[in-house]
Amino acid sequence: MSASPNAHGFAYWALKLFAVIVALIGLALAAGGLWLIALGGSWYYLLAGAGMLVSGALMFMQRLSGVWLYWLVFAGTLVWALWEVGLEPWSLLPRVLALAVIALLSLAFVPMLRRPVGREART
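This section reports on the structure supplied with the text. Computed from a predicted structure; not experimentally measured.

**Description of the packing of helix H3 (residues 64-85) against helix H4 (residues 89-108)**
Axis separation between H3 and H4 bottoms out at 10 Å; the angle between their running directions is 165°. When the axis of H3 is compared with that of H4, the two are roughly antiparallel. Classified by chirality, the crossing of H4 by H3 is left-handed. Side by side, H3 and H4 meet where Val67, Tyr70, Trp71, Phe74, Thr77, Leu78, Trp80, Ala81, Leu82, Glu84 and Val85 of the first sit next to Ser91, Leu92, Arg95, Val96, Leu99, Ala100, Ile102, Ala103, Leu104, Ser106 and Leu107 of the second.

In structure tokens form, the structure reads like this:
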């Protein structure tokens, strides 16, 4: 008995779940960021959340650009965290640890993400 051509394996569903989780975290960060901006606070959370939301959507569509965008958000987070608290480890940890774990996990999905070809590569 052969598997149907539309059957997907564990890695496919793991990627989909991971992408949804990244997007939902991004949505929560962006929503909290809007509230913080209304209170006169930092724009970081809105921008990082929007980046994570788009990144999750791109990874859900199996686009390698989703991982690149996530790493851009992570790099921005590192810059923001260092600017905000300096090199104080106990202050940096809560700002970067969770996003660092997500960044490392995103690398596991790189082999199964589509790279742009043809017309997509030129735009």
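**Describing the pattern of salt bridges**
As enumerated under the stated definition, the model contains one salt bridge in all. With its nearest N and O atoms 2.8 Å apart, the salt bridge here joins Glu84 to Arg95. Highlighted residues: Glu84 in helix H3 and Arg95 in helix H4, separated in sequence by 11 residues. According to the relative accessible area criterion, Arg95 is partly exposed, its value standing at 27%.

**Some thoughts on the packing of aromatic side chains**
The tally for this structure, following the rule as stated, stands at six aromatic pairs. On the numbers, 3.9 Å between centres and 0° between planes, the contact of Tyr44 with Trp80 is stacked. Here the residue Tyr44 occupies a position in helix H2 (residues 44-60), and Trp80 occupies one in helix H3, the gap between them amounting to 36 residues. Classification of Tyr44 by relative accessible area gives buried; the value is 11%. Residue classification places Trp80 among the buried residues on the basis of a relative accessible area of 10%. Summarising the aromatic geometry, the rings of Tyr45 and Trp80 are spaced 5.6 Å apart at their centres and angled 75° between planes, so their arrangement reads as edge-to-face. Placement of Tyr45 in helix H2 and of Trp80 in helix H3 is noted, with a sequence separation of 35 residues between them. In this structure an aromatic cluster arises from ring pairing among Tyr44, Tyr45 and Trp80. The ring of Phe60 carries Lys16 above its face, with NZ or CZ at 4.0 Å from the centroid.

**Some words on the side chain of Gln62**
Tracing the backbone shows Gln62 in the loop between H2 and H3. For Gln62, the residues in contact, after removing those within four places along its chain, are Tyr12, Leu15, Met112, Leu113 and Arg114.

**As for the environment of Tyr45**
By relative accessible area, which is 29% here, Tyr45 ends up partly exposed. Distance from Tyr45 to Trp35, taken between C-alpha atoms, is 9.7 Å for residues 10 residues apart in sequence. When near neighbours in sequence (up to four residues on either side) are disregarded, Tyr45 contacts Leu29, Ala30, Gly33, Leu36 and Trp80.

Conventions adopted
- Within any chain, residue numbers begin from 1 and follow the written order of that chain's sequence.
- Given that the model is predicted, a residue must reach a pLDDT of at least 70 before its local features are reported, and side-chain atom pairs must reach 80 or more before they are shown or counted; all residues, however, enter totals for whole chains, interfaces and linings.
- Note: side-chain values were computed over all heavy atoms of the structure, leaving out hydrogens and water.
- Lines are fitted to the C-alpha atoms to define the axes, a helix being fitted only along its stretch in contact, and any angle between axes, read from their N-to-C directions, falls within 0 to 180 degrees.
- A helix here means a DSSP run of H or I that spans at least four residues, while a strand means a run of E at least two residues long, and both kinds are numbered starting from the N terminus.
- Each angle receives one of four descriptions, namely roughly parallel if under 35 degrees, roughly antiparallel if over 145, roughly perpendicular if within 65 to 115, and oblique otherwise.
- Two helices that cross are described as forming a left-handed crossing if the nearer one is turned anticlockwise from the farther one by less than a right angle, and a right-handed crossing if clockwise.
- The contact criterion used is simple: two residues touch if any of their non-hydrogen atoms lie within 4.5 Å.
- A side-chain nitrogen of Lys or Arg and a carboxyl oxygen of Asp or Glu constitute a salt bridge if their distance falls within 4 Å.
- For the exposure calls, accessible area comes from a 1.4 Å probe over protein chains only, and a residue counts as buried if that area is under 20% of its type's maximum, exposed if over 50%, partly exposed in between.
- By convention, a stacked pair of Phe, Tyr or Trp rings (six-membered ring in the case of Trp) has centres within 6.5 Å and planes under 30 degrees apart, an edge-to-face pair has planes over 60 apart, and any other such pair is tilted.
- Criterion for a charge above a ring: Lys NZ or Arg CZ within 6 Å of the ring centre, and within 35 degrees of the ring normal.

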